[in-house]
Amino acid sequence: MCGSRSRTRADVLYLDHAATTPVRPEALEAMLPFLTDRFGNPSSHHTVGEAAAAALDDARRRVAAVVGMRSGDVVFTSGGTESNNTAVKGLAIAAAQRAGAPVRVITTPIEHESVLASCDYLARVHDIEVVRMPVSATGRVDPGILAEALAPSSADGRTTALVTLGYANNEIGTVQDIAALSAVTSAARVPLHLDAVQAAGWLPLAGTGADALSIAGHKIGAPPGIGVLAVRGRLPLEPLLHGGGQERDRRSGTENLAGAVGFAVALELAEAERAAGAARASARRDAFISRVLALVPTARLTGDPLHRLPGTASFTFAGVSGEAVLLELERRGVVSSSGSACAAGSDEPSHVLLALGISPEVAQTSVRFTFGHGDDLDLVPVADAVAASVAAVRSGG
C-alpha cells in the first residue's frame, strides 16, 4: 500500500477518517505564531489584542467565503457537537420565544447523537415537539415526506421552528438531496440547519440553501477543539454560553484564535482540492466496495449505493461480530471502526442502522471504512484483509 495521510505508522493503515483526521502541516504552520509570540486576546483593547482581533476577523472572512455566507454569520465554536447544539437549541428556543407559543422541530432518526440529544432536551425542558421523519432503507429523506411534515396542523397550532438534517450521514455515508430538501423548507419559510461535519471537504458547502451549517475542524485537517456554526444573521439565536459577549453575543468565551486560523487554512485547502479529490476517492471507494462484496458472500453495503460520500464504505457481515472483525483487521494492520466514534463503547446496535430497518443482530456486525481527503491508496490489499478477517472470525480464529 502506498504512502498517504492514512499511514499512521509503518505497520498501521488508518481508515477511520470520519472519526478524526491528522492536522495538515499548512494548518499547523499557520497556527504556530498564535500559540507563541502572537498570543493576544482578541477582546483586549491594545495593540496586541487588536492584532489578534484582526487575525480572527481574517479567519472568519475566509471561512465565510467557502460556505457562501457573510463573515458576520460565522461563529467559532469548540467543534461539531457544540455547533449542532447551538444551532438546534439556539434557533428553536429563540423561535419559541418570538412565537410566544409551543413550536416543533423536524429531524430524522439517523442524525448524529449531538442533534438527537439536543432535540430530546428541547422536548423535555422546553415543551418543543420533535418530529422524526422516516428515511428510506438507504437513509435518504423523501422531500415529499418533508413537505407533509411541514404542512400546517390545526390539531395543536404549533408552527415549525426548524428543520435539522445531516448533509451526509456519519455512519453510512448517505448524502441527502439537499437541493430538493432546501427548496421545500424555503417554500415553507422554515429555517434549515445542516450538520455538514462529514460533508466538509467532500461536498459543496456554498449554495446549499441552508440557513445554518455546522462544521468540525478535526474532520478536515484542523485540530480538535475548533468548529464553526455559520448561521444567517437575520435568524434569532439564543446563545448557550453567556458571559463576555464574544462572537456577536452568540457564543461567549475567549476565542480559540490559533484554532480559528488553522480551521480557515484547512477549510480553504479542503475546498480547493474537493472536486478532484472526491472524484479520485469515489473511484477507489467503488472498486473497494465491489471487491469486498465479491470476496465476502455475507457482506452487505449499508447506505445509499449511489448517493454516498466519496470516502465512506460501510458494511454488515451477518453471522460475525463487527467488533471481532475490527480486532482481526487491526492485527493485519488496518484500523477502522464500527460506526460513530461518539458512540464508541456502547453495546447497543447503531440507531442509524436500526432506522434503516436492519435487525439489531445484523446491525452489530457493522464495519465502517472511511478514507482521507488526500489518500492515494491501493485498496485491493485492504479488501483482501477484510475477507481474511471475516473468514478468521467465522472459523473461530
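Residues numbered from 1 in each chain as written. Predicted model: local features only at pLDDT ≥ 70, side-chain atom pairs only at ≥ 80, totals over all residues. Heavy atoms only, no water.

*Asks:* Would you mind going over the overall build of the protein with me for this structure?
*Replies:* From N to C terminus, the protein includes 12 helices and 13 strands. On C-alpha atoms alone, the protein measures out to a radius of gyration of 21 Å, which is about the 21 Å that the 2.2 N^0.38 rule sets for 397 residues. Projecting the C-alpha coordinates of the protein onto the three principal axes gives extents of approximately 65 × 60 × 35 Å. When the accessible surface of the protein is totalled, it reaches about 16,100 Å², and 54% of it is carbon and sulfur. (Helix = DSSP H or I, 4+ residues; strand = E, 2+ residues; numbered from the N terminus. Rg over C-alpha atoms; globule rule 2.2 N^0.38 Å. Areas by Shrake-Rupley, 256 points an atom, 1.4 Å probe, with all protein chains shown as cover.)

*Asks:* Please clarify how the pairing of strand β6 (residues 159-166) should be interpreted in this entry.
*Replies:* A regular strand carries its side chains on alternate faces of the sheet. Here β6 lies mainly inside the structure; seven of its eight residues are buried. In this sheet, β6 lies alongside strand β4 (residues 103-107) in parallel orientation, the contact comprising four bridges. Within β6, the residue paired with Ile106 across the bridge is Val163. Relative to strand β7 (residues 192-195), β6 runs parallel, the two being bridged by four bridges. (Buried < 20%, exposed > 50% of the residue type's maximum accessible area, 1.4 Å probe, protein only. Pairing = 2+ DSSP bridges.)

*Asks:* What is the right way to look at helix α5 (residues 143-150) in this model?
*Replies:* The periodicity of an α-helix, 3.6 residues per turn, causes residues three or four places apart in sequence to face the same way. Restricting attention to buried positions, one finds in α5 the residues Leu146, Ala149 and Leu150. Projected down its long axis, α5 carries its buried residues within an arc of 95°, all on one side. Buried residues along α5 sit against β4, β6 and α6 (178-188). At the N-terminal boundary of α5, the capping side chain belongs to Asp142, with an oxygen 2.7 Å from the backbone nitrogen of Gly144. (Arc of directions from axis to C-beta. Contact = heavy atoms within 4.5 Å. Polar contact = N/O pair within 3.5 Å; in protein donor to acceptor, adjacent residues only side chain to side chain.)

*Asks:* Got a minute to help me understand the side chain of Gln246 in this structure?
*Replies:* Relative to the helices and strands, Gln246 is located in helix α7 (residues 246-249). When its relative accessible area of 13% is taken as the criterion, Gln246 is described as buried. Beyond its immediate sequence surroundings of up to four residues, Gln246 is in contact with Ser43, Arg251, Ser252, Gly253, Thr254 and Glu255.

*Asks:* In this structure, what is going on with the environment of Leu293? I would like to understand it.
*Replies:* The residue Leu293 is located in helix α8 (residues 257-295) in this model. The partly exposed category is assigned to Leu293, whose relative accessible area is 35%. Expressed as a C-alpha distance, the spacing of Leu293 and Ala383, which sit 90 residues apart in the sequence, is 9.2 Å. If near-sequence neighbours (up to four positions away) are discounted, Leu293 is found in contact with Ala299, Arg300, Leu301 and Phe315.

*Asks:* Where do I start with unusual backbone geometry in this structure?
*Replies:* Note: most peptide bonds trans; most residues except glycine with negative phi. Positive phi values are uncommon outside glycine, yet Asp127 reaches one of about 55°. Relative to the helices and strands, Asp127 is located in the loop between α4 (113-126) and β5 (129-132). Asp127 gets classed as partly exposed once you look at its relative accessible area, which sits at 45%.

*Asks:* Looking at this structure, how should I read the pattern of salt bridges?
*Replies:* When the charged atoms of two side chains lie near each other, side chains of opposite charge can form a pair. In this structure the tally under the stated criterion is 19 salt bridges. In this structure, Arg104 engages Glu129 in a salt bridge whose closest nitrogen and oxygen atoms are separated by 3.4 Å. Taken as a pair, Arg104 in strand β4 and Glu129 in strand β5 lie far apart in primary sequence, 25 residues in all. Residue classification places Arg104 among the buried positions, given a relative accessible area of 6%. (Salt bridge = Lys/Arg side-chain N within 4 Å of Asp/Glu carboxyl O.)

*Asks:* Please clarify how the sheet that holds β4 should be interpreted in this entry.
*Replies:* Picture the strands of a sheet paired through backbone hydrogen bonds; they go either parallel or antiparallel. Within the open sheet, the seven strands sit side by side as β3-β9-β8-β7-β6-β4-β5. Their pairing is mixed. Of all strands in the sheet, those with a lone pairing partner are β3 (74-77) and β5, marking the two edges. Averaged over all pairs of adjacent strands, the angle between strand axes in this sheet comes to 20°, irrespective of strand direction. Contacting β4 and β6, α5 crosses the sheet at an angle of about 155° to β6. (Axes fitted to C-alpha atoms, helices over the stretch in contact; angles between N-to-C directions.)

All quantities given are derived from atomic positions and should not be read as evidence of function.
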